[in-house]
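Commentary on secondary and tertiary structure
Each chain, letter by letter, is given below.
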Amino acid sequence: MMVVPYKNQSKGKKEQVADMFNSISHKYDFLNHLLSGGIDIIWRKKAIKLLQNKGIKSVLDIATGTGDFAIEALKIKPEKIVGIDISEGMLAFGVEKIKKLGLDNIITLQKGDSEKIPFSDNSFDAITVSFGVRNYETLDKGLKEMYRVLKPGGHCLILEFSNPKSFPMKQLYSFYSKFCLPVLGKLISKDPAAYTYLPESVQAFPDGKDFLKIYEECGFINTQWIPMTGGICSIYLGHKKAKNA
């Protein structure tokens, strides 16, 4: 059964996710850092380091939200970064943030559907997604779209929550996600569904080796799974076969 934010609505997951992020966009950055204890910043930094010194000139950041991963991607020194997201509310905050940082000459944010990416085949050297793929309505469709717009030999970097498997992190994370996260999220964001949906969507997501299997079925090669912080978060790397390979 598909996990959605608002169980009493008849809208599809994609529309509900857009509504949810529009609802919490004004508090999203603050909540992200608060609820993770700031460790989400470290996760992004570690992930982007894996793309350094790869000769990457163009980056597409999918489910870009307010642009944090797109901004972090500047460290690999690309010539351009494009971020897409289905939430206009999140994009509005992201555009303002990027303007204030004076980065709008290299980073462009625009509305875009991860399952219908508005770019032609073989357009980007790298694709990045942070905490977005579990929100896809149809996971394999989104991954195949990512593969399509990636250049041959290109890199795909996904950062996503996962389910810890070992004691004591498994038990601690379960308690936090079931009891603490929804309460804190509701108090601050005023949207009780958003931070109930988060742990539910993580629980339902095919993480680890299960995700790698789907990743590879969608065409990606040389895949890697790198668990972090006891398995709370994972980095997934994949590549598109080079033309001469």
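Residues numbered from 1 in each chain as written. Predicted model: local features only at pLDDT ≥ 70, side-chain atom pairs only at ≥ 80, totals over all residues. Heavy atoms only, no water.

Some points on the overall build of the protein
The following threshold applies: A run of DSSP states H or I qualifies as a helix once it reaches four residues; a run of E qualifies as a strand once it reaches two. Both are numbered from the N-terminal end. In this treatment the radius of gyration is a C-alpha quantity, and the globule benchmark scales as 2.2 Å times the residue count to the 0.38 power. Only protein chains enter the calculation, and the probe is 1.4 Å; a residue is then buried if its accessible area is under 20% of its type maximum, exposed if over 50%, and partly exposed in between. Contact definition: two residues touch when any of their heavy atoms are within 4.5 Å. All accessible-area figures derive from a Shrake-Rupley calculation using a 1.4 Å probe, and residue coverage is judged against the displayed protein chains alone. As used throughout, the charge tally considers Lys and Arg to be positive and Asp and Glu to be negative, leaving His and the chain termini uncounted. Note that the charge is assigned to NZ on lysines, CZ on arginines, CG on aspartates and CD on glutamates.
What the protein contains, in helices and strands, is nine helices and seven strands. A compact globule built from 245 residues would reach a C-alpha radius of gyration of about 18 Å, and the protein, at 17 Å, matches this within 12%. Counting only C-alpha atoms and orienting by the principal axes, one finds that the protein spans roughly 50 × 40 × 35 Å. Burial statistics for the protein: of 245 residues in total, 53% are counted as buried. Within the protein, contacts between residues at least 6 apart in sequence are counted, and of these 72% link residues at least 24 apart. Total accessible area computed for the protein in this model is approximately 11700 Å², and 56% of it derives from carbon and sulfur atoms. Both charge centroids of the protein, one from 34 positive and one from 26 negative side chains, sit 4 Å from each other.

What to know about the pairing of strand 4 (residues 124–130)
Keep this limit in mind: By the convention used here, strands pair only if DSSP detects at least 2 bridges between them. A crossover counts as right-handed when, viewed with the strands pointing away from the observer, the path leading from the first strand over the helix to the second turns clockwise.
Burial runs high along strand 4: seven of the seven residues are buried. Where strand 1 (residues 58–62) meets strand 4, four bridges bridge the pair, whose relative direction is parallel. Residue pairing in the sheet places Asp61 in a bridge with Thr128 of strand 4. With six bridges connecting them, strand 4 and strand 5 (residues 150–161) associate as parallel partners. Looking across to strand 5, one finds that Ser130 is bridged to Leu159. The β-α-β motif built from strand 4, the intervening helix 6 (residues 139–149) and the parallel element strand 5 has right-handed crossover chirality.

Section: the sheet that holds strand 3 (residues 107–111)
What counts is decided by this rule: Here an axis means a line fitted to C-alpha atoms, over the contact stretch when the element is a helix, while the angle between two N-to-C directions is reported on a 0 to 180 degree scale.
The mixed open sheet is built from seven strands, whose spatial order is 3-2-1-4-5-7-6. Strand pairing shows two members of the sheet lacking a second neighbour, strand 3 and strand 6 (221–228), which therefore form its edges. Pairs of neighbouring strands in the sheet enclose a mean axial angle of 15°, with direction left out of account. Pairing geometry for strand 1 and strand 2 (residues 80–85), over five bridges, is parallel. Within the sheet, the bridge partner assigned to Ser58 lies in strand 2 and is Lys80. Across the face of the sheet, helix 6 comes into contact with strand 1, strand 4, strand 5 and strand 7 (233–239) while running at roughly 145° to strand 5.

Concerning the nonpolar core
So the rule is basically this: Working definition of a nonpolar core: buried Ala, Val, Leu, Ile, Met, Phe, Trp, Tyr and Cys residues. They are joined through side-chain atoms within 4.5 Å.
By size, the foremost hydrophobic cluster in this structure holds 46 residues, and its most contacted members are Trp43, Ile107, Leu157, Leu159 and Tyr195. Looking at which element gives the most residues to this core, the answer is helix 8 (residues 194–204), with five residues. Excluding its chain neighbours within four sequence positions, the residues that come into contact with Leu159 are Trp43, Arg44, Ala47, Phe69, Val129, Ser130, Phe131, Met228, Cys233, Ser234 and Ile235.

Details of the UniProt feature "binding site: S-adenosyl-L-methionine" (unreviewed entry) in the protein
Heads up, the condition is: UniProt positions are given in the numbering used here, feature names are shortened, and annotations may be inferred rather than shown by experiment. Any N or O atom pair separated by 3.5 Å or less is treated as a polar contact, with the protein-specific requirement of one donor-capable and one acceptor-capable atom, and with residues adjacent in sequence counted only for side-chain atom pairs.
The sites that UniProt annotates as "binding site: S-adenosyl-L-methionine" (unreviewed entry) are Thr66, Asp85, Asp113, Ser114 and Ser130. Turning to its location among the elements, Asp113 is positioned in the loop between strand 3 and strand 4. Relative accessible area serves as the criterion here: at 18%, Asp113 is assigned to the buried category. Once residues within four sequence positions are removed from consideration, Asp113 is found in contact with Lys14, Ile84, Ile86 and Pro118. Polar side-chain contacts of Asp113 include one of 2.8 Å to the side chain of Lys14. Considering the arrangement of structural elements, one finds Ser130 in strand 4. Overall, Ser130 belongs to the buried group, its relative accessible area being 10%. If near-sequence neighbours (up to four positions away) are discounted, Ser130 is found in contact with Arg44, Ile62, Ala63, Phe69 and Leu159.

Thoughts on the pattern of salt bridges
We count it as follows: Criterion for a salt bridge: a side-chain nitrogen of Lys or Arg within 4 Å of a carboxyl oxygen of Asp or Glu.
Inspection of every chain in the model, using the stated rule, returns 15 salt bridges. The residue Arg148 makes a salt bridge to Asp121 at a minimum N-O spacing of 2.8 Å. With Arg148 in helix 6 and Asp121 in the loop between strand 3 and strand 4, this residue pair connects regions lying 27 residues apart in the sequence. On the basis of relative accessible area, Asp121 is assigned to the partly exposed category, the value being 47%. A single salt-bridge network, built from bridges that share partners, covers Lys14, Asp113 and Glu115.

Notes on helix 6
Just so we agree on the cut-off: Of all possible arcs, the one meant is that of the directions from the helix axis to the C-beta atoms.
If you check which residues of helix 6 are buried, you get Leu139, Gly142, Leu143, Glu145, Met146 and Val149. Take helix 6 and look down its axis: the buried residues cluster within an arc of 155°, on one side only. Turning to helix 6, the residues buried within the fold contact strand 1, strand 4, strand 5 and helix 9 (209–217).

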